[in-house]
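The lines below spell out each chain.
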Amino acid sequence: MKVLIMTKQACDLTDVLTNCGVETHITTVEEAVGTDLSAYDSFCVIGSGKIIDARVRAALDAELDKGKRIYVEAVNSFLGIYSANAVNTTQSRLICAVPEENGIPGLALGDLLDDESNKMMEPYWTVEGYKPLLVYKAHIIAHSHLNATEEEILQDSKPGLWMIGENVMMTSFQLCNFNKARFAPREAWQKLIRYIAKWITGSEPAHMPAPVLQYGTDGDLTDDAVFEKCRREAIDRGMEWLREFLVDEGRGGILEGLRHNIDPDGVQAIADCVRTDCSGEASGAFKFYAKFAGDAASRKIGENIDSFIYGPMQIHGGLFDGLMRWTEAAWQVCYPDDAARATLPSLYDCLFLGNTATFPAIERALDLLLKITAKDGCGIWRLDMPGVTKESLAKIAEAENGSHSAHYTAFYHAALLLGYKYNGKAVYLETAKKGLETLMSVYPETSREQSETEEMCRLVLPLAALYDATGEEKHREMLYRVVCDLEVHKHPMGGFCEWDTGYKAACSRESMGECSLLTENGDPVADMLYSSNWLPIGFAYAYYVTGDKWFAGLWRDIIGFCMKSQVIGDDKKNNGSWCRGFDMDLREAYGCPHDVGWAANASESGWTNAEILMGMMMPEILGLDMI
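Figured I'd write up the structure that's included with this text. Numbering of residues starts from 1 in each chain and follows the order in which that chain's sequence is written. In keeping with the predicted nature of the model, local features appear solely for residues at pLDDT of at least 70, side-chain atom pairs appear and are counted solely at 80 or more, and the whole-chain, interface and lining totals rest on all residues. Values reported for side chains reflect all heavy atoms of the structure, with hydrogen atoms and water molecules removed beforehand.

1. Topic: the sheet that holds strand β5 (residues 77–78)
How we decide: Pairing between strands is defined by DSSP: at least two bridges between them are needed. Here a helix means four or more residues in a row that DSSP labels H or I, a strand means two or more in a row labelled E, and each is numbered from the N terminus.
Strands sit in the order β5-β6-β9 across an open sheet of three strands; the sheet is antiparallel. On the outer flanks of this sheet lie β5 and β9 (119–123), each paired with one strand and no other. Relative to β9, strand β6 (residues 81–88) runs antiparallel, the two being bridged by four bridges. Bridging across to β9, A86 finds its partner in M121.

2. Remarks on helix α13 (residues 426–442)
Quick note on the threshold: What a helix should span is 1.5 Å times the count of its residues minus one. We call two residues in contact whenever any of their non-hydrogen atoms come within 4.5 Å of each other.
Taking 1.5 Å as the rise per residue, α13 with 17 residues should run 24 Å; its terminal C-alpha atoms sit 25 Å apart, in good agreement. Along its buried surface, α13 packs onto α10 (359–370), α12 (406–423), α14 (452–470) and α15 (473–487).

3. Side note on the pairing of β6
Sheet analysis places β5 next to β6, joined by two bridges and oriented antiparallel. Its bridge partner lying in β6, S77 is registered against Y82. The antiparallel pairing of β5 with β6 creates a hairpin that spans two residues between the two strands, and L79 there sits at a positive phi of about 50 degrees.

4. What to know about the side chain of E281
Note the following rule: Pairing of N or O atoms within 3.5 Å defines a polar contact, subject to two protein rules: one partner must be a possible hydrogen donor and the other a possible acceptor, and residues neighboring in sequence count only if both atoms are side-chain atoms.
Inspection of the secondary structure assignment puts E281 in helix α7 (residues 276–293). At 2.8 Å, the side chain of E281 and the side chain of R341 are in polar contact. The residues touching E281, leaving out its near neighbours within four places in the chain, are R341, P345, W534, G606, W607, A610, E611 and M614.

5. Describing the layout of surface pockets
The condition that has to hold: Cavities and pockets were defined on a 1 Å grid built from protein atoms only: a cavity is a group of points that admits a 1.4 Å probe but offers it no way out, a pocket is an open group of points flanked by protein on both sides within 12 Å along at least five of seven lines, and a lining residue is one with an atom within 4 Å of any such point. Grid points are joined across faces, edges and corners, and a volume is the space filled by probe spheres set on the points. Here the nonpolar group is Ala, Val, Leu, Ile, Met, Phe, Trp, Tyr, Cys and Pro; Asp, Glu, Lys and Arg are the charged ones; every other residue, Gly included, is treated as polar.
Each pocket or cavity is described by its volume, and for the largest pocket that value is around 280 Å³. If you trace the largest pocket, you find 17 residues lining it, with R275, W326, E514, Y530 and W607 closest to the centre. Elements that contribute at least two residues to the lining of the largest pocket include exactly α9 (336–352) and α12. Residue composition of the lining of the largest pocket, by class: eight nonpolar, one polar and eight charged.

6. Topic: empty space enclosed by the protein
Applying the stated criterion to the full structure yields six cavities of 30 Å³ or more. Within this model, the largest cavity holds a volume of roughly 180 Å³. For the largest cavity, the lining is made up of 15 residues, of which N179, R182, F183, R186 and E588 are closest to its centre. Of all elements in the fold, only α5 (186–201), β13 (213–215) and β21 (588–589) reach the threshold of two or more residues within the lining of the largest cavity. Sort the elements by how many residues they give to the lining of the largest cavity and α5 lands first, with three residues. Approximately 70 Å³ is the volume found for the second largest cavity. Lining the second largest cavity, in full, are D114, E116, A184, H260, A589, Y590, G591, P593, A599, A600 and N601. A class-by-class count of the residues in the lining of the second largest cavity yields six nonpolar, three polar and two charged.

7. With respect to the nonpolar core
Rule in force here: Only buried Ala, Val, Leu, Ile, Met, Phe, Trp, Tyr and Cys residues count toward a nonpolar core, and they belong to the same one when joined by side-chain atoms within 4.5 Å. Each residue's exposure class comes from its accessible area (1.4 Å probe, protein chains only) as a fraction of the maximum for that residue type: buried when under 20%, exposed when over 50%, partly exposed otherwise.
Ranked by size, the top nonpolar core spans 134 residues in total, and within it Y348, L459, F539 and Y541 carry the most contacts. Non-local contacts of F539, meaning those with residues more than four positions away in its chain, are made with V460, V483, L486, F496, F551, L554, W555 and I558. Counting 41 residues, the second-largest nonpolar core is a separate cluster that includes V98, L107, W189 and I200.

8. Concerning the packing of α9 against α10
Let me state the cut-off plainly: The axes are straight lines fitted to the C-alpha atoms, using for helices just the contacting stretch, and the angles between their N-to-C directions are given from 0 to 180°. Each angle gets one of four labels, with under 35 degrees taken as roughly parallel, over 145 as roughly antiparallel, 65 to 115 as roughly perpendicular, and the rest as oblique. Put simply, a crossing is left-handed when the front helix is turned counterclockwise from the back one by less than a right angle, and right-handed when it is turned clockwise.
Viewed as axis vectors pointing N to C, α9 and α10 meet at an angle of 150 degrees, and their least axial separation amounts to 10 Å. Judged on the interaxial angle alone, α10 and α9 are roughly antiparallel. Pair α9 / α10 crosses with left-handed handedness. In this structure, α9 contributes P336, A339, A340, T343, S346, L347 and C350 to the contact, and α10 contributes F359, I362, A365, L366 and L369. Of the residues assigned to the contact of α9 with α10, the class counts are 10 nonpolar, two polar and no charged.

9. Comments concerning the sheet that holds strand β22 (residues 603–604)
The strand order across the open sheet built from three strands is β15-β14-β22, with neighbouring strands paired in antiparallel fashion. Bordering the open sheet on either side are β15 (268–274) and β22, each of which pairs with just one other strand. Inspection of the sheet shows strand β14 (residues 255–262) paired to β22 by two bridges, in the antiparallel sense. From the neighbouring strand, G257 faces β22, where its bridge partner is E604.

10. Overview of the environment of R275
You can see R275 is positioned in the loop between β15 and α7. Given a relative accessible area of 6%, R275 falls into the buried group. Measuring from C-alpha to C-alpha, the distance between R275 and G253 comes to 7.7 Å, with 22 residues separating the pair along the chain. What R275 contacts, discounting residues up to four positions off in sequence, is I254, E256, W326, T327, D338, W598, E604 and W607.

11. Considerations on the pattern of salt bridges
Using the following cut-off: The term salt bridge refers to a side-chain nitrogen of Lys or Arg lying within 4 Å of a carboxyl oxygen of Asp or Glu.
Under the defined criterion, the tally for this structure stands at 46 salt bridges. Here D306 and K287 are joined by a salt bridge, their closest N and O atoms 2.7 Å apart. Remark: K287 occurs in helix α7 and D306 occurs in helix α8 (residues 296–309); sequence separation between them is 19 residues. Like K287, D306 is buried. Across the salt bridge formed by E452 and R448, the nearest N and O atoms sit 4.0 Å from each other. Residues joined in a network through salt bridges with shared partners are E256, R275, D277, E281, D337, D338, R341, E454 and R458.

So yeah, pure geometry; function would need other evidence.
Structure, rendered in structure tokens:
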């Protein structure tokens, strides 16, 4: 068996084909011009959106007439198929379009395979003998499998992988670097690649490429010594990841992190916006690490970031004195939740590390947020400054109700409560108490953004801080009620599954704009951007407040989950991070990919990484023995 592979460069697919135990030769299409193709038994042409030279194409047609097999990937034209310009596949998903007995071993009808941000050459028409194996469909609300008939799957679909007769297999997309581009789920793609390789060569590959990324430790975390070793290693890796995204050692804040977009060659897009919330959270991680590891340089980075968020990113004087700007781009926008989360790490610094220099700026930020809080103690979800007057600000404060969403208000309440813990300002306690009692009066029917799970996760820290401030039994009961409800959705791996009773969240089961990872209650997916990421700090603080070992156990479990799900690899832009979406059954980054910019592979410097890292180090900051 002799196989001729035509490609511009070596790739994951050539690695697979060359270990199938057959004779392979690799060349380019240009080099193949004039080559006698009759010496080969089958052919693999990796086009990557290019047109095959007419001379080579005619020669391949002649070999096809002899009954030889030809695999053609992402070419503009072959046989009677002529394709349009390549389009991005981010909003579409590949679906297995045939039952296993008629198609790909190990893949069932309706199985979903995500090719990340690929390029698809959509054919203008199909030809006789066309048999679809995988098809693209837009805006699929399903996790890893779509329950649909063959006819339903094919309706309004676009070709992804197909056969023409018995001897031609074609793809419209770039499959060749499936491993580098982190196609998911990994096991499903490996089944497909083995099928393609055997179809081309007649033999199974001896092995598959090693994954470019691994996820977490496989150490025995029930052993205290192993747990502690793995925790310290995970923290060190995470802090190295954060350093990769600093702007001028923190003087210009920190970049937002990584987009979910991974191109067909495995290059992941950088989210290069500088946000105040991410910067404030990263400052906390660096200051915590200075204490945790005795690293003075990290303390300096944290202080550099503070000079940024309380300098140019905070308004000084005038109607909006104290307002925290959302981003460098959204200069006149403030999200109260984001502003509060920017200040929370500085409040930890004041209260538990004894560094109080930032408190006047924190106080001004909180006082501004009080001005946009309704009578029920809940704030607004967003403030756009243009056109806002002293009178219109007053109307916000005179409104009966603000947003009844933990996503938008609960961390603001937490910041008020920690501010009260430091300065004893009664209005901080009164507002936070009123707001959290308002949320709990409608709980669990709060106004959800991503999921019900998110709302519960968002309430743990604020309710712990409320009980700390008041000592009232009813506030303690609120905390325990929420955490007991949350435990229902705990996965054996230690994370918490997304859940949304009645699918009432604004982003639940959506496929346009910002979208929840949740497609169906019961999906084994943890959201590390909106839900489980808040729990390391939340559970640690709940233990600090209550002294209940139950919370220490919950903290240990969520930290164990974080250690098992941390990204480990050679790429500094990924090593030590956490992805937004993690499938706890598959144990890899995977989830519904439709979100406009923060789907499963996204990684936020603040919301995700810094929050988890601070939670990992919280025992040392609070002076607790939680191991």
